[in-house]
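Observations on the model geometry
Chain by chain, the residues:
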Amino acid sequence: MPELPEVETIKRDLASVLVNQRINYFKVNKPKLLRNKLIFFNHYLLGAKILSVKRRAKLLLIELSSGYYLIIHLKMTGQLVWRGRAGGVKSGGHPIVGVSKVPNKYTYITLGLLNGSKLFYNDVRQFGYWQLVNQQEIELWLSKYGPEPLSSSFTLSRFIKILKKRSRSKIKSVLLDQKVVAGLGNIYVDESLFLARIKPDRQVAELKLQQLRNLHRSIKQVLRRAIMARGTSFSNYVDALGKNGSYWQNRYVYGRTDEPCRRCGRAINKTIIAGRGTHYCAQCQF
């Protein structure tokens, strides 16, 4: 599933082609991907102008002149492909048969713009969704998510206060909870814990203030590094330009089972925490 750096990269790239464009076409082949009725989408999408493209946690938020936000969650296998009238293509998410072959059998939603370009949504496993939320409800709707880790609201004191509510839980499990830190997922939790030298199965209550301070700093450092690299490419993820993100080549521990630690040379271990494959160095993390 794309995490914060991947969704942030997609957001920035799609904003360059979607903002100030007007929607004049909407086709859905799989209504279950819509969390509102189709007639509702048609009423508030068609004719609306796209005012902005934003991100909250792992969600894409498209602000509309109709007074609504279009929320898109890519989940496990969602993919967005924008194709311009003149042939330009931008895509992000999990490619299926190539961005040049849209629409295809996995294309379930098509959004047409007045300038002739189109935005296609593909989803092999159909776990993703589209939802319209009005401007009065959006803040309440998004309030279930924790602080954005690259925002000024992600202070050390707030981070510690949130963690204390889960003091008996394993730190890896806690960080995967979107109510704790918005946008973190399996990859960047493992990477942040390595950088902070914290073993992922440690209970929150066991961690000292300096360790929490290191973790707070490491989360921000890892995410900034990943965004600079345009995200992580593994399996078949690409960014909104249809390119592979380069963070994968320089990751610390995630997906490097039995490979040498970049710090000490000891083989990277893998275990299961919160149902997720978890990677760490037993020498460097404690």
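Residues numbered from 1 in each chain as written. Predicted model: local features only at pLDDT ≥ 70, side-chain atom pairs only at ≥ 80, totals over all residues. Heavy atoms only, no water.

1. Overview of the side chain of Thr278
Here Thr278 lies in strand E11 (residues 276-280). On the accessibility criterion, Thr278 (0% relative accessible area) is buried. One polar contact links the side chain of Thr278 to the main-chain carbonyl oxygen of Arg276, over a distance of 3.0 Å. Residues contacting Thr278, with those up to four places away along its chain left out, are Lys172, Asp190, Pro200, Asn269, Lys270, Thr271, Ile272 and Ile273. (Helix = DSSP H or I, 4+ residues; strand = E, 2+ residues; numbered from the N terminus. Buried < 20%, exposed > 50% of the residue type's maximum accessible area, 1.4 Å probe, protein only. Polar contact = N/O pair within 3.5 Å; in protein donor to acceptor, adjacent residues only side chain to side chain. Contact = heavy atoms within 4.5 Å.)

2. A closer look at the confidence of the model for the protein
The predicted model of the protein averages 91 in pLDDT, with 92% of residues at 70 or higher. Note that pLDDT drops below 50 for residues 233-237; the model gives that stretch 16 contacts with residues more than four away or on any other chain. (pLDDT = per-residue confidence, 0-100.)

3. Re the environment of Ser157
With respect to the element layout, Ser157 can be found in helix H4 (residues 156-164). Relative accessible area serves as the criterion here: at 54%, Ser157 is assigned to the exposed category. Placed 105 residues apart in sequence, Ser157 and Ser52 show a C-alpha to C-alpha distance of 32 Å. A polar side-chain atom of Ser157 sits 3.3 Å from a polar atom in the side chain of Thr155.

4. Some details on the sheet that holds strand E4 (residues 68-73)
In space, the 4 strands of this open sheet follow the order E2-E3-E4-E9, with antiparallel pairing throughout. The open sheet has two edge strands, strand E2 (50-56) and strand E9 (129-134), and neither has a second partner. The average angle at which neighbouring strand axes cross in this sheet is 25°, direction not considered. Where strand E3 (residues 59-64) and E4 come together, 4 bridges link them in antiparallel fashion. Residue pairing in the sheet places Leu60 in a bridge with Ile72 of E4. Lying on the sheet, helix H1 (residues 4-18) is in contact with E2 and E3; it crosses E2 at an angle near 175°. Seen against the sheet, helix H2 (residues 38-45) touches E3, E4 and E9 and runs at an angle of roughly 60° to E9. (Pairing = 2+ DSSP bridges. Axes fitted to C-alpha atoms, helices over the stretch in contact; angles between N-to-C directions.)

5. Some remarks on the packing of helix H6 (residues 186-195) against helix H7 (residues 209-228)
At a closest axis distance of 8 Å, the pairing of H6 and H7 adopts a crossing angle of 125°. Regarding the angle of H6 to H7, the classification is oblique. Pair H6 / H7 crosses with right-handed handedness. Between H6 and H7, the contacting residues are Tyr188, Glu191, Ser192, Leu193 and Leu195 on the first element and Leu215, Ser218, Ile219, Gln221, Val222, Leu223 and Ala226 on the second. Classifying every residue of the contact of H6 with H7 by side-chain character gives 8 nonpolar, 3 polar and 1 charged. (Parallel < 35°, antiparallel > 145°, perpendicular 65-115°, else oblique. Left-handed = near helix turned anticlockwise from the far one by under 90°. Nonpolar A, V, L, I, M, F, W, Y, C, P; charged D, E, K, R; others polar.)

6. Considerations on the sheet that holds strand E5 (residues 78-83)
Read from one edge to the other, the open sheet built from 5 strands follows the order E1-E7-E8-E5-E6, with strand pairing classed as antiparallel. The open sheet is flanked by strand E1 (23-28) and strand E6 (89-93), the only strands paired with a single partner. Here the average twist between neighbouring strands, direction ignored, is 15°. Of the pairings in the sheet, the one linking E1 to strand E7 (residues 107-113) comprises 5 bridges and is antiparallel in character. Bridge pairing in E7 places Tyr25 opposite Gly112. The strands touched by H1 within the sheet are E5, E6, E7 and strand E8 (118-123), with E6 carrying the most contacts at an inclination of about 150°. This element, H2, spans E1 and E7 of the sheet and lies at about 165° to E1.

7. Let's talk about the packing of H4 against H7
One way to put it is that H4 packs onto H7 with a least axis distance of 10 Å and a crossing angle of 115°. Regarding the angle of H4 to H7, the classification is roughly perpendicular. When you trace H4 past H7, the crossing you get is right-handed. Packed against H4, whose contacting residues are Leu156, Phe159, Ile160 and Leu163, the element H7 presents Leu209, Leu212, Arg213, Leu215, His216 and Ile219 at the interface. Considering only residue class, the contact of H4 with H7 consists of 8 nonpolar, 1 polar and 1 charged.

8. Re the environment of Asp201
Relative to the helices and strands, Asp201 is located in the loop between H6 and H7. Separated by 32 residues in the primary sequence, Asp201 and Ser169 have C-alpha atoms spaced 8.7 Å apart.

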